[in-house]
Amino acid sequence: MLNARKQTGRSGEGDATSVAPSSRQQAADGTATPAAPGTRQTFITIEGLSKSFGREVVYRDFTLSLPEGKMISVFGPNGCGKSTLINLISGLMPIDAGRVLYDGKTIAQTRISYVFQNYREALFPWFRSIDNIRYPLKIMGLKRREQDARIEELLADFEINIDLNAYPYQLSGGQQQTVSILRALVTDPEVLFLDEPFSALDYEMTLSMREQLQKIFLKTGTTMLLVSHDLEEAVQLADKVLLLTRRPTRVAEIVDIDLAWPRGTEAVTDPRFVDLKSHCLKVFQREAAVR
Ligand SMILES: Nc1ncnc2c1ncn2[C@@H]1O[C@H](COP(=O)(O)OP(=O)(O)OP(=O)(O)O)[C@@H](O)[C@H]1O
Ligand SMILES: [Mg+2]
């Protein structure tokens with residue numbers, strides 16, 4: 001089994017059937033239903049976060065709580081600090097002030113993984129795909145036998161139609177990004193950060209990767225933070241859309257996406273989907289408007 005959260009994750013998930021929205025959703029009237037056992041409504045706590053680049057203030061006293069086991073997409077105006085936010089909370093970038101805790105633990109005490117936009121630069125070209133996936137386990141000091149067992153376990157969870165003995169250059173963009181995602185998952189992260197992971201892919205590949213990511217999410221229940229510049233994608237792939245303002249950046253709104261999973265390409269024409277997307281668009285237009 002890939003990780004323990006699967007047991008408390010989404011029932012019947014991973015198969016082709018539609019599942020009801022999580023019972024942990026916040027209702028439209030603002031009342032939240034109790035968390036399923038083993039999940040935390042407040043998992044990532046960001047308190048008083050500040051970050052400036054020179055005189056440019058991106059975040060000033062920014063506070064936010066995010067739940068466990070949810071897919072959260074981050075959407076906002078260009079340059080508002082979406083990448084900076086996930087870089088700060090994943091520990092890739094130092095913060096000026098404030099703190100980020102994962103269920104009370106620091107980032108150093110939490111297993112996280114990151115999937116970058118540019119898969120071409122993210123994979124080691126001299127390693128076969130399988131050895132790219134293996135790499136984090138090597139760094140963790142696992143013995144070869146343990147590495148093999150872990151990879152076997154990971155691959156058993158997914159239908160991967162990729163020749164993992166191929167080098168990255170022999171794979172399509174979508175296949176390379178799938179390898180990157182598998183590499184990110186092999187350490188069984190508590191949180192997976194993805195910064196515009198599909199934006200370098202063509203549209204057809206993007207659609208199939210959106211489905212692939214949902215399968216992974218439904219199987220693992222891993223908390224995911226996904227930056228997207230595509231509102232349709234942000235809504236399709238989220239339990240919650242975190243809408244940000246212009247700099248200095250605040251939370252404009254957190255929109256609960258109470259739609260059933262998985263959400264195929266047909267889901268985006270569902271009237272409820274269209275309503276939610278247009279609500280997000282209104283908030284975005286209000287926040288992006290030049291003042
Ligand atoms: N390492 C850095 N050095 C200096 N300025 C930076 C750095 N990283 C980000 N910035 C600035 O911080 C602001 C937020 O950048 P960030 O890349 O987080 O925005 P974004 O919302 O991800 O933008 P985009 O929609 O273009 O991806 C921008 O003004 C950017 O120029
Ligand atoms: Mg960015």
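Per chain, residues are indexed from 1 in the order of the written sequence. Working convention: letters from A go to chains and numbers from 1 go to ligands, in the order in which they are written. Under the rules for a predicted model, residues below a pLDDT of 70 receive no local features and side-chain atom pairs below 80 are neither given nor counted, while totals for whole chains, interfaces and linings still include all residues.

Here's the deal with the site of ligand 1
How we decide: As a rule, any residue with its backbone-derived C-beta atom within 6 Å of a molecule or strand is reported as near that molecule or strand. We count a stretch as a helix when DSSP gives it H or I for four or more residues in a row; a strand needs E for two or more, and each element gets its number in order from the N terminus. Each residue gets one of three labels, nonpolar for Ala, Val, Leu, Ile, Met, Phe, Trp, Tyr, Cys and Pro, charged for Asp, Glu, Lys and Arg, and polar for the others, Gly among them.
Close to ligand 1 lie Phe-53, Glu-56, Val-58, Asn-78, Gly-79, Cys-80, Gly-81, Lys-82, Ser-83, Thr-84 and His-229, which account for all nearby residues. The leading source of residues in the shell around ligand 1 is helix α2 (residues 82-89), at 3 residues. Looking at the shell around ligand 1 residue by residue, the class counts come to 3 nonpolar, 6 polar and 2 charged.

Overview of the sheet that holds strand β1 (residues 44-53)
Sheets are built from strands that pair by backbone hydrogen bonding, the pairs being arranged parallel or antiparallel. Put simply, the rule reads: Any two strands between which DSSP finds at least two bridges are classified as paired. Every axis in this analysis is a line fitted to C-alpha atoms, fitted for helices over the stretch in contact. Angles between the N-to-C directions lie between 0 and 180 degrees.
Taken together, 3 strands build an open sheet; the order of strands is β2-β1-β4 and the sheet is antiparallel. Looking along the sheet, the strands with just one partner apiece sit at the ends: β2 (56-66) and β4 (97-102). Each strand axis lies, on average, 20 degrees off the axis of its neighbour in the sheet, ignoring direction. Sheet topology note: the β1/β4 ladder contains 5 bridges and is antiparallel. Each bridged residue has a counterpart across the sheet, and for Ile-46 the counterpart in β4 is Val-100.

A closer look at the nonpolar core
Selection rule: Here, a nonpolar core means buried Ala, Val, Leu, Ile, Met, Phe, Trp, Tyr and Cys residues linked by C-beta atoms lying within 7 Å of one another. Each residue is classed by its C-beta neighbour count within 10 Å, where at least 20 other C-beta atoms makes it buried, 12 or fewer makes it exposed, and intermediate counts make it partly exposed; the C-beta atoms are placed from backbone geometry. With C-beta atoms placed from the backbone, a contact is any residue pair whose C-beta atoms sit within 7 Å.
Judged by nonpolar contacts, the single largest core of 57 residues is most densely connected at Val-74, Val-241 and Leu-243. Counting residues per element, this core draws most heavily on helix α6 (residues 173-185), at 5 residues. Setting aside residues up to four positions removed in sequence, Leu-243 forms contacts with Phe-75, Gly-76, Ala-252, Glu-253, Val-255, Cys-280, Val-283, Phe-284 and Glu-287.

What about the confidence of the model for the chain?
Note the threshold: Think of pLDDT as the predictor's per-residue confidence, scored from 0 to 100.
Looking at the chain as a whole, the pLDDT averages 87, with 86% of positions reaching at least 70. Within the model, the stretch residues 1-35 combines pLDDT values under 50 with 62 contacts to residues more than four positions away or in other chains.

Regarding unusual backbone geometry
Residue Pro-248 follows Arg-247 across a cis peptide bond; omega there is -15 degrees. Its location among the elements puts Pro-248 in the loop between β8 (240-244) and β9 (251-256). Of the consecutive residues Trp-261 and Pro-262, the connecting peptide bond is found in the cis state with omega at -10 degrees. In this structure, Pro-262 sits in the loop between β9 and α9 (271-288).

Thoughts on helix α4 (residues 129-139)
Every buried residue belonging to α4 is among Ser-129, Asn-132, Ile-133, Arg-134 and Leu-137, and all of these are buried. For α4, the secondary structure elements touched by its buried residues are α5 (144-156) and α6.

A short note on the sheet that holds β9
Pairing in this open sheet of 6 strands is mixed, and the strands run β5-β6-β7-β3-β8-β9 from one edge to the other. Each edge of the open sheet carries a strand with a single partner, namely β5 (112-115) and β9. Each strand of the sheet is rotated relative to its neighbour by a mean of 15 degrees, with strand direction disregarded. Pairing analysis gives 4 bridges linking strand β3 (residues 71-75) to β8, with the strands arranged parallel. Each residue of the ladder has a partner; that of Phe-75, found in β8, is Leu-243. Along the sheet, α6 makes contact with β5 and β6 (191-195), crossing β5 at roughly 170 degrees.

Description of helix α7 (residues 203-220)
We apply this condition: By this rule the span expected of a helix is its residue count minus one, scaled by 1.5 Å.
In this model, α7 (18 residues) spans 26 Å end to end at C-alpha, consistent with the 26 Å of a helix rising 1.5 Å per residue. Positive backbone phi, at 70 degrees, marks Gly-221, one or two positions downstream of α7.

A closer look at the packing of α4 against α6
As a reminder of what qualifies: Any angle between 65 and 115 degrees counts as roughly perpendicular, while under 35 counts as roughly parallel, over 145 as roughly antiparallel, and the rest as oblique. Two helices that cross are described as forming a left-handed crossing if the nearer one is turned anticlockwise from the farther one by less than a right angle, and a right-handed crossing if clockwise.
Two numbers describe how α4 lies on α6: the axes approach to 7 Å, and their chain directions differ by 25 degrees. In terms of their interaxial angle, α4 and α6 are classed as roughly parallel. Of the two elements, α4 crosses α6, and the hand of that crossing is right-handed. Across from Ser-129, Asn-132, Ile-133, Tyr-135 and Pro-136 in α4, the residues of α6 making contact are Val-179, Leu-182 and Arg-183. Grouping the amino acids of the contact of α4 with α6 by side-chain chemistry returns 5 nonpolar, 2 polar and 1 charged.

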